[in-house]
Amino acid sequence: LEVNTSGMRHGMNEYYPSIAILNEARRADVFVSGLGSDAHAPEQLALDFESAVALVPEILPCDLEEGYGV
């Protein structure tokens, strides 16, 4: 599963998929393994990755019981 930050750019104020879906996926042993930003211009590359990196367990593990706290 990929966390995509383009929702922030589109005014949705959340990532795709939502935190609720990410938590359900995590409980089903589906891991987040990447980040995307769907950049269409250079200034959009890696948009909000500093915050989103916390949702990628392979980069920054979190306990399965805790889920994601964003």
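In what follows, the structure referred to is the one given above.
These figures come from a predicted structure and were not determined experimentally.

Enquirer: Sorry if this is basic, but what is going on with the overall build of the protein chain here?
Expert: Scanning the protein chain from N- to C-terminus turns up three helices and two strands. In the protein chain, the order of α-helices and β-strands from amino to carboxyl end is β-α-α-β-α. Expressed as a percentage of the 70 residues in the protein chain, the buried residues total 34%. Across the protein chain, the fraction of contacts at a sequence separation of at least 24, relative to all contacts at a separation of at least 6, is 59%. Carbon and sulfur atoms form 55% of the exposed surface of the protein chain, whose accessible area is close to 4,300 Å².

Enquirer: Help me understand the environment of Ala-39, please; the structure alone is not making it clear to me.
Expert: Along the polypeptide, Ala-39 turns up in the loop between strand E2 (34-36) and helix H3 (49-52). Separated by 30 residues in sequence, Ala-39 and Arg-9 place their C-alpha atoms 9.5 Å apart.

Enquirer: How do you make sense of the pattern of salt bridges when you look at a structure like this?
Expert: Between side chains of opposite charge, pairing is possible as soon as their charged atoms come close. A complete count under the given rule lists one salt bridge for this structure. Put simply, Glu-24 and Arg-27 hold a salt bridge, and the shortest N to O gap is 3.0 Å. With a gap of three residues between them, Glu-24 and Arg-27 both fall in helix H2 (residues 19-27), about one helical turn apart. Owing to a relative accessible area of 51%, Arg-27 belongs among the exposed residues under this scheme.

Enquirer: I would appreciate a short explanation of H2 in the present structure.
Expert: Two residues of an α-helix separated by three or four positions point the same way, owing to the 3.6 residues in each turn. Every buried residue belonging to H2 is among Ile-19, Leu-22, Asn-23, Ala-25 and Arg-26, and all of these are buried. One side of H2 carries all its buried residues, which in axial view fall inside an arc of 160 degrees. Facing away from the buried surface of H2 by more than 90 degrees, the exposed residues are Ala-20, Glu-24 and Arg-27. Elements in contact with the buried residues of H2: strand E1 (2-4). Remark: Asp-29 follows H2 within two positions and exhibits a positive phi of approximately 65 degrees.

Enquirer: Would you mind showing me how to read unusual backbone geometry here?
Expert: A cis geometry characterises the amide bond from Tyr-16 onward to Pro-17, with omega recorded as -10 degrees. Along the chain, the position of Pro-17 falls in the loop between helix H1 (6-9) and H2. For Asn-13, which is not glycine, the phi torsion reads 60 degrees and is therefore positive. Structurally, Asn-13 is set in the loop between H1 and H2. Of note in the backbone geometry, Ala-46 takes a positive phi value of approximately 60 degrees without being a glycine.

Thresholds applied
All residue numbers here refer to positions counted from 1 along the written sequence of the relevant chain. Per-residue local features are limited, in this predicted model, to residues with pLDDT of at least 70; the limit for side-chain atom pairs, both in listing and counting, is 80 or more; totals at the level of whole chains, interfaces and linings are taken over all residues. For the side-chain quantities, the full set of heavy atoms in the structure was used; hydrogens and water were omitted. Under the scheme used here, helices are H or I runs from DSSP no shorter than 4 residues and strands are E runs no shorter than 2 residues, and both carry numbers assigned from the N terminus. Partly exposed describes any residue whose relative accessible area lies between the buried limit of under 20% and the exposed limit of over 50%, with all areas from a 1.4 Å probe on protein chains only and scaled to the type maximum. Working rule for contacts: check all heavy atoms of both residues, and any pair within 4.5 Å makes them a contact. Accessible areas in this description were obtained via Shrake-Rupley with a 1.4 Å probe; residue shielding takes into account the shown protein chains only. Between Lys or Arg on one side and Asp or Glu on the other, a salt bridge is scored when a side-chain nitrogen of the former is within 4 Å of a carboxyl oxygen of the latter. The directions from the helix axis to the C-beta atoms form the arc being described.

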